[in-house]
Amino acid sequence: MDKDLDKENNTENIDKKSETEENKNDSETASESANNTEEISIEEEFKQSKIRLKKRLIYSSVTVVILVLLASLFAAYGEKAYFEDNRLMMDTVITIKGYGFKGYLGMQAAFKKISEIEKLTSFYYGNSQLAKLNATGYHPYDFNNKFGRDLLREIAMGAKFYYESTEGYFDPSFAALHEIYGFHTQNKAGRLPSDDEIKNILLKCGFTHVLRFEENGIKLDKESMIDFGGITGGYAIVYAREILKASGCNTFLIDDSGDIWFQGEKPDKSPWTIAVRDPRDNSSLAKIVSTKPLAISTSGDYERFIVVDGKQYGHIMNPKTGRPADYYDSVTVVTNDPIQSDVLSTAVFAMPPDMAFEWVEKKHLAALFLTKEGKVHLSSEGKKYFSEVKE
């Protein structure tokens, strides 16, 4: 019995020892397995991190390539990008269009400048400097403004030059004549003044006779009036042109309802093509095709006029008679200066045909006349610029 008990005890001890060894082996195996798992995880994580890094590098490289391509495409397309807008200002619709991304911002600045010019020089704005000159007879020079100069004085000096060089056929003081004819009314219902009225009012006209430049300002005779509408458009185009050029845009067109300036090479290398309107049927009277910068101005009696007894009278006056010039339907002039073309189309329109045809030849001026009889007359210089002229 004791042996059996010893045997049982020995067997139990053996079992416990075996169990202990098994547990120890299991523990060592588990520990080794855990260690192996940890080693595999670190190695795997390292591999995964390398893969992720490689993907990021590939993604970054692709992104850089795409950005470079987009930048290249934008740079290439930026010069071809077309812009255009029009605004109602200066008593007409002004359009600016051109090419190049920078030109869009330049266009906005150009419109802003034209608006500033209008506010200073408009005949119709009650608070403009010109309106105050007409009302009070005096304009004190103002050099502390956005222009850094007295714009009204600058325009008045230009008007004086052209008044003298056109023998008085460009005369902003004809605003007094417009008043008695009724051109300043909104409904175009005018009147024909008598010969005595014309004679009296002509005494209040003549630009250099009624307006004087003094040391500190401009003085205007009593009952005289000035309207710079025949020259301000040219100045507005010049200011707008310089703003567009300063913005980095070199290919554009400015259209001040009949006064046009264009310059620069289009992206497709095609020339600028301007159609001269035939006021009789709104078709094309002639075309001007050019790759070089040009200023084109057309004056006519079909937009600003009065109607008396069913007959239409235009606003451009003959300074010798004080009566509306009725020799032409339109006159178009081409020069390389927007101010010059703006003024001379008006001045030539006021001249009788014999004088006008001789004057443009003497001045080597490119001009196209559409007479009241429906005949087209081209100056010698005009034949170099006008094509597809309607017979």
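Structure: see above.
Residues numbered from 1 in each chain as written. Predicted model: local features only at pLDDT ≥ 70, side-chain atom pairs only at ≥ 80, totals over all residues. Heavy atoms only, no water.

As for the sheet that holds strand β3 (residues 138-140)
Reading across from one edge, β3-β5-β4 is the order of the 3 strands in this open sheet, with antiparallel pairing throughout. Looking at the sheet topology across the chains shown, the edges are occupied by β3 and β4 (211-213). Ignoring which end each strand starts from, the neighbouring axes of this sheet average 10° apart. With 3 bridges joining them, β4 and strand β5 (residues 217-220) adopt antiparallel strand pairing. By the bridge assignment for β5, L211 is matched with L220. Running at roughly 135° to β3, helix α3 (residues 129-136) makes contact with β3, β4 and β5 of the sheet. The sheet contacts of helix α4 (residues 151-165) involve β3, β4 and β5, and relative to β4 the element is tilted by about 115°. (Pairing = 2+ DSSP bridges. Helix = DSSP H or I, 4+ residues; strand = E, 2+ residues; numbered from the N terminus. Axes fitted to C-alpha atoms, helices over the stretch in contact; angles between N-to-C directions. Contact = heavy atoms within 4.5 Å.)

What to know about the pairing of strand β10 (residues 294-300)
With respect to burial, β10 is a largely interior element, 6 of its 7 residues being buried. Pairing of strand β7 (residues 259-263) with β10, which is carried by 4 bridges, proceeds in the antiparallel orientation. Across the sheet, I260 pairs through a bridge with I296, a residue of β10. Here β10 runs beside strand β13 (residues 328-335); their pairing, made up of 6 bridges, is antiparallel. What sits directly across from S299, in β13, is V331. (Buried < 20%, exposed > 50% of the residue type's maximum accessible area, 1.4 Å probe, protein only.)

Structural notes on the side chain of S122
With respect to the helices, strands and loops of the structure, S122 is situated in the loop between α2 (101-121) and α3. When residues no more than four places from it in sequence are discounted, the contact partners of S122 are S128, L130 and A131.

Side note on the sheet that holds strand β8 (residues 272-278)
Across the sheet, 3 strands lie side by side as β8-β9-β16; this open sheet has antiparallel pairing. Single-partner strands in this sheet number two, and they are β8 and β16 (386-387). Relative to β16, strand β9 (residues 283-290) runs antiparallel, the two sharing 2 bridges. Directly across from K287, in β16, lies its bridge partner S387.

Some remarks on the packing of aromatic side chains
Counted under the stated rule, the structure contains 12 aromatic pairs. Site record: aromatic cluster; members linked through ring pairs are Y327, Y328, F349, F357 and F369. Above the plane of the ring of Y141 lies R153, whose end atom (NZ or CZ) is 5.3 Å from the centre. Over the ring of W261 we find R241, and its NZ or CZ is 4.8 Å from the ring centre. (Phe/Tyr/Trp six-rings, centres within 6.5 Å; stacked < 30°, edge-to-face > 60°. Lys NZ or Arg CZ within 6 Å of the ring centre and 35° of its normal.)

In short, shape yes, function no, at least from these values alone.
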